[in-house]
Amino acid sequence: MVRAIPPKRAVAPQSRVATAQKAQKAQKAQKVAVQRKRVTVAKRGAVSVRTTTRSTAIRRLRAGAGRDMRAVLAFARSQVGKRYVRGGEGPGGFDCSGFTKRAYARAGVSLPHSSGAQARRARTVDRSQARPGDLVVGPGHVGIYMGRGMMIDAGNSRTGVVYRKVYRGLRVARVGK
């Protein structure tokens, strides 16, 4: 008696499509609520506190940017609101290059405590090619690019460590690859 061997099943195109759709969903942005408190003190001592909540999208980083840049970005976000201290490297306050030095140390990258020296270690990339975690460099200043035209930096004694738009006069530079 001769038995017929059934042919091997090919992977159905539908399962490939389903796998691709799952991968796309995993890469989509997550929504995170960010809460900010603004305290105002009037001349007569009256204090008002206004709390605002907004949703913001946090996109997953590409594999090339990897988990090292996630550590840099997480550290940068956690320092927003800290005060500016000339020559500071934290934890109580930062100057611009001390802030980026500490953030990159989380990723295992050693940077000098000088904005000019940090700029010389990085290569300039076009703004359209900028990735979260890149340095934002200007004359005597440095910050961390967060994506979508935004950055976090230790600007000056008035602002401290803030999240703001990348302003004119700054360029984006990448440390390493």
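What counts, and where the lines are drawn
- Residues numbered from 1 in each chain as written.
- Predicted model: local features only at pLDDT ≥ 70, side-chain atom pairs only at ≥ 80, totals over all residues.
- Heavy atoms only, no water.
- pLDDT = per-residue confidence, 0-100.
- Contact = heavy atoms within 4.5 Å.
- Helix = DSSP H or I, 4+ residues; strand = E, 2+ residues; numbered from the N terminus.
- Buried < 20%, exposed > 50% of the residue type's maximum accessible area, 1.4 Å probe, protein only.
- Pairing = 2+ DSSP bridges.
- Salt bridge = Lys/Arg side-chain N within 4 Å of Asp/Glu carboxyl O.
- Axes fitted to C-alpha atoms, helices over the stretch in contact; angles between N-to-C directions.

**Student:** With reference to specific residues and values, describe the confidence of the model for the protein chain.
**Tutor:** Put simply, the protein chain has an average pLDDT of 79, and 62% of its residues get 70 or more. Low confidence marks residues 58-65, where pLDDT is under 50. Its contacts with residues over four positions away, or in another chain, come to 14 contacts.

**Student:** Account for the environment of Ala 130, naming residues and giving values.
**Tutor:** Note on placement: Ala 130 falls in the loop between β5 (122-125) and β6 (135-138). Note: C-alpha distance between Ala 130 and Arg 174 (44 residues apart in sequence) is 8.2 Å. When residues no more than four places from it in sequence are discounted, the contact partners of Ala 130 are Tyr 145, Val 172 and Arg 174.

**Student:** Lay out the pairing of strand β8 (residues 150-154) with the relevant residues and their values.
**Tutor:** A regular strand places its side chains so that they alternate between the two faces of the sheet. Most of β8 sits out of view: 5 of its 5 residues are buried. Alternating positions in β8 separate into two faces, Met 150, Ile 152 and Ala 154 on one and Met 151 and Asp 153 on the other, with burial throughout. Pairing between strand β7 (residues 141-147) and β8: 3 bridges, direction antiparallel. What sits directly across from Ile 144, in β8, is Ile 152. Between β7 and the antiparallel strand that follows it, β8, lie 2 residues; Arg 148 among them carries a positive phi value of about 55 degrees.

**Student:** Describe in detail unusual backbone geometry, supporting the description with residues and values.
**Tutor:** Here the residue pair Gly 90 and Pro 91 is connected by a cis peptide bond, since its omega of -5 degrees sits within 30 degrees of zero. As for its placement among the helices and strands, Pro 91 is situated in the loop between β3 (83-84) and β4 (93-94). We note that Arg 148 has phi near 55 degrees; this positive angle belongs to a residue other than glycine. By the element assignment, Arg 148 lies in the loop between β7 and β8. With relative accessibility at 56%, the residue Arg 148 sits in the exposed group.

**Student:** Which residues make up the pattern of salt bridges, and what are the values?
**Tutor:** Using the criterion set out here, one finds 3 salt bridges in the structure. In this structure, the salt-bridge partner of Lys 101 is Glu 89, at a minimum N-O distance of 3.4 Å. Here the residue Lys 101 occupies a position in helix α3 (residues 96-105), and Glu 89 occupies one in the loop between β3 and β4, the gap between them amounting to 12 residues. Lys 101 gets classed as partly exposed once you look at its relative accessible area, which sits at 25%. A salt bridge links Asp 134 to Arg 174; the nearest nitrogen and oxygen atoms lie 2.9 Å apart. Taken together, the positions of Asp 134 in the loop between β5 and β6 and Arg 174 in strand β10 (residues 171-175) put the pair 40 residues apart, joining distant regions of the chain. Exposure class is identical for Asp 134 and Arg 174. Each is buried.

**Student:** Can you break down the environment of Met 150 residue by residue, with the values?
**Tutor:** In this fold, Met 150 is placed in strand β8. Placed 15 residues apart in sequence, Met 150 and Lys 165 show a C-alpha to C-alpha distance of 4.3 Å. Those residues within four positions of Met 150 in sequence are excluded, and the remaining contacts are Ile 144, Tyr 145, Tyr 163, Arg 164, Lys 165 and Val 166.

**Student:** Hey, could you go over the sheet that holds β5 for me, with residue numbers and the actual values?
**Tutor:** Taken in spatial order, the 6 strands line up as β5-β10-β6-β7-β8-β9 in an open sheet, and their pairing is antiparallel. Both outer strands of the open sheet, β5 and β9 (161-165), are each paired with one neighbouring strand and no more. Mean inter-strand twist for the sheet, computed between neighbouring axes without regard to direction, equals 40 degrees. Bridge analysis of β5 against β10 gives 4 bridges, and the strand direction is antiparallel. The residue bridging Thr 124 from the neighbouring strand is Ala 173, located in β10. Its contacts with the sheet put α3 on β6, β7, β8, β9 and β10, and the angle it makes with β7 is roughly 50 degrees.

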